[in-house]
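The chain contents come next:
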Amino acid sequence: MRDGVTEIVTIRGDLELLTRTAHLLSSVREEFVCAARDLDTWSRPGARQAMAARAGHTHQGHQVRKLLSPAALADEQSRAHLRELVDQGALVRIASAALPHETIVIDRRLAILAGLNGPGGREYTLTTAPTLVGGVCALFDAAWDAATDLKAFLRGEQPQLDTVSRTVLRALGSGATDEKAARELGMSLRTYRRRVAELLTTLDADSRFQAGFRAGELA
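Residues numbered from 1 in each chain as written. Predicted model: local features only at pLDDT ≥ 70, side-chain atom pairs only at ≥ 80, totals over all residues. Heavy atoms only, no water.

**Q** Describe the overall build of the protein, and please don't skip the residues or the numbers.
**A** The number of helices and strands found in the protein is nine helices and eight strands. With 219 residues in all, the protein has 43% of them scored as buried. Sequence separation of 24 or more characterises 72% of the internal contacts of the protein that already satisfy a separation of 6 or more. With an accessible surface of roughly 11,400 Å², the protein has 51% of that area assigned to carbon and sulfur atoms. (Helix = DSSP H or I, 4+ residues; strand = E, 2+ residues; numbered from the N terminus. Buried < 20%, exposed > 50% of the residue type's maximum accessible area, 1.4 Å probe, protein only. Contact = heavy atoms within 4.5 Å. Areas by Shrake-Rupley, 256 points an atom, 1.4 Å probe, with all protein chains shown as cover.)

Pasting the structure below:
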C-alpha cells in the first residue's frame, strides 16, 4: 500500500473518488497532470469544483500540465478559463483529436483512470503500481509532445460554436437522417437544414462528410 491506496483499486462515482483521493490531491509535491476530453471532467458540478480546489495550481510549488481535446475550446467561457490557468503558470496543450477518457497522474506515483458512466455512476481505477503508472506517464508524455500549445492552437482560429450548433454538429456526426435529427432536437426540418448549412460555412467544410469529420474533433 502507498499513499493510502492499494496498488489497484476500482471505485464508482465522483463523490467516492473525492473521498478516497482528497488527501492526495491536496498534497501534490512536484507535478499534477491531467488529460481530459473537455472541462466537464466530473459529472457533478460540485465534484468538479472540489477537484479543482484540491488539486491547486502552480503557485503551491508544483507543476500543472493539462492536455485537452479541441472540444474544450468550443465556447469563450472555457477558453477564458484555460487562458487564466496559463496566466497562473499552468501548461496547457490541445491534442489533435478527441481524448476518450480522463486521466490524472500525481507526482508520477498515482494514476486515476476514468471509465464509462454506468447506472451506479462513473467507474474509476486508482493505481500506484509503478509499472502501470509508468506506462500511463509514457502515453501521456507521447500525446503531450504531439499536442499544440494553447496559445498557438488559438492562433489557428478554431471556430467557436454555440450550444445549439454543437448539438447539431453531434447529430450530423452521428449519421442520422435530417428528419430524425430534426425530430430529436425539437426543430423543424427547415431550421435543422439551415443550421447545417451555417455549420458548413463556419467549419469551412465542402460537404456534410467533412463537417461530420470535424464533429469528431470538436464534439
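Once you've had a look at it, read on.
**Q** Account for the pairing of strand β2 (residues 31-36), with residues named and values stated.
**A** Buried residues dominate β2, accounting for six of its six residues. Of the two faces of β2, the one lined by Glu-31, Val-33 and Ala-35 and the one lined by Phe-32, Cys-34 and Ala-36 are each fully buried. Alignment of β2 against strand β3 (residues 63-68), held across six bridges, turns out to be parallel. Bridge assignment links Ala-36 to a residue of β3, and that residue is Leu-68. One ladder, built from four bridges, connects β2 with strand β5 (residues 103-106); its direction is antiparallel. Its bridge partner being in β5, Phe-32 is matched across the sheet by Ile-106. (Pairing = 2+ DSSP bridges.)

**Q** Could you give me a rundown of the confidence of the model for the protein, with the residues and numbers involved?
**A** When pLDDT drops low, the exact placement of atoms in the prediction is not to be read closely. With 76% of its residues at a pLDDT of 70 or more, the protein shows a mean pLDDT of 79. Across residues 55-59, where pLDDT falls below 50, the model places 15 contacts with residues more than four positions away in sequence or in other chains. (pLDDT = per-residue confidence, 0-100.)

**Q** Got a sec to walk through the pattern of salt bridges? Specific residues and values, please.
**A** Overall, the coordinates contain 10 salt bridges when judged by the stated rule. Across the salt bridge formed by Arg-122 and Glu-102, the nearest N and O atoms sit 2.5 Å from each other. Linking Arg-122 in the loop between β6 (110-114) and β7 (123-127) with Glu-102 in the loop between β4 (91-94) and β5, this pair joins segments that are 20 residues apart in sequence. Take Arg-122: its relative accessible area is 15%, and that puts it in the buried class. Since its relative accessible area comes to 7%, Glu-102 is described here as buried. Note that Arg-108 and Asp-141 form a salt bridge whose closest N and O atoms lie 3.1 Å from each other. Taken together, the positions of Arg-108 in the loop between β5 and β6 and Asp-141 in helix α4 (residues 130-146) put the pair 33 residues apart, joining distant regions of the chain. Take Asp-141: its relative accessible area is 22%, and that puts it in the partly exposed class. Shared partners join several salt bridges into a network, and the residues in it are Glu-31, Arg-65, Arg-108 and Asp-141. (Salt bridge = Lys/Arg side-chain N within 4 Å of Asp/Glu carboxyl O.)

**Q** Describe the pairing of β6, and please don't skip the residues or the numbers.
**A** Burial analysis of β6 places four of its five residues in the buried class, the great majority of the element. Direction of pairing for β5 relative to β6: antiparallel, over a ladder of four bridges. Of the residues in β6, the one forming a bridge with Val-105 is Ala-111. Hairpin remark: β5 followed by β6, antiparallel, with three residues in the connecting loop; positive phi at Asp-107, about 55°. The pairing of β6 with β7 spans four bridges and is classified as antiparallel. Across the sheet, Ala-114 pairs through a bridge with Tyr-124, a residue of β7.

**Q** Lay out the nonpolar core with the relevant residues and their values.
**A** Core analysis: the largest hydrophobic core is formed by 28 residues, its most contacted members being Phe-32, Leu-82, Ile-106 and Leu-126. In this structure, Val-33, Leu-99, Cys-137 and Trp-144 belong to the second largest nonpolar core, which totals 13 residues. (Core = buried A, V, L, I, M, F, W, Y, C linked by side-chain atoms within 4.5 Å.)

**Q** Account for the environment of Val-164, with residues named and values stated.
**A** One can find Val-164 in helix α6 (residues 163-174). Put simply, Val-164 and Leu-185 are 21 residues apart on the chain and 9.2 Å apart in space, counted from C-alpha to C-alpha. Among all residues touching Val-164, those that are not within four sequence positions of it are Met-187 and Arg-195.

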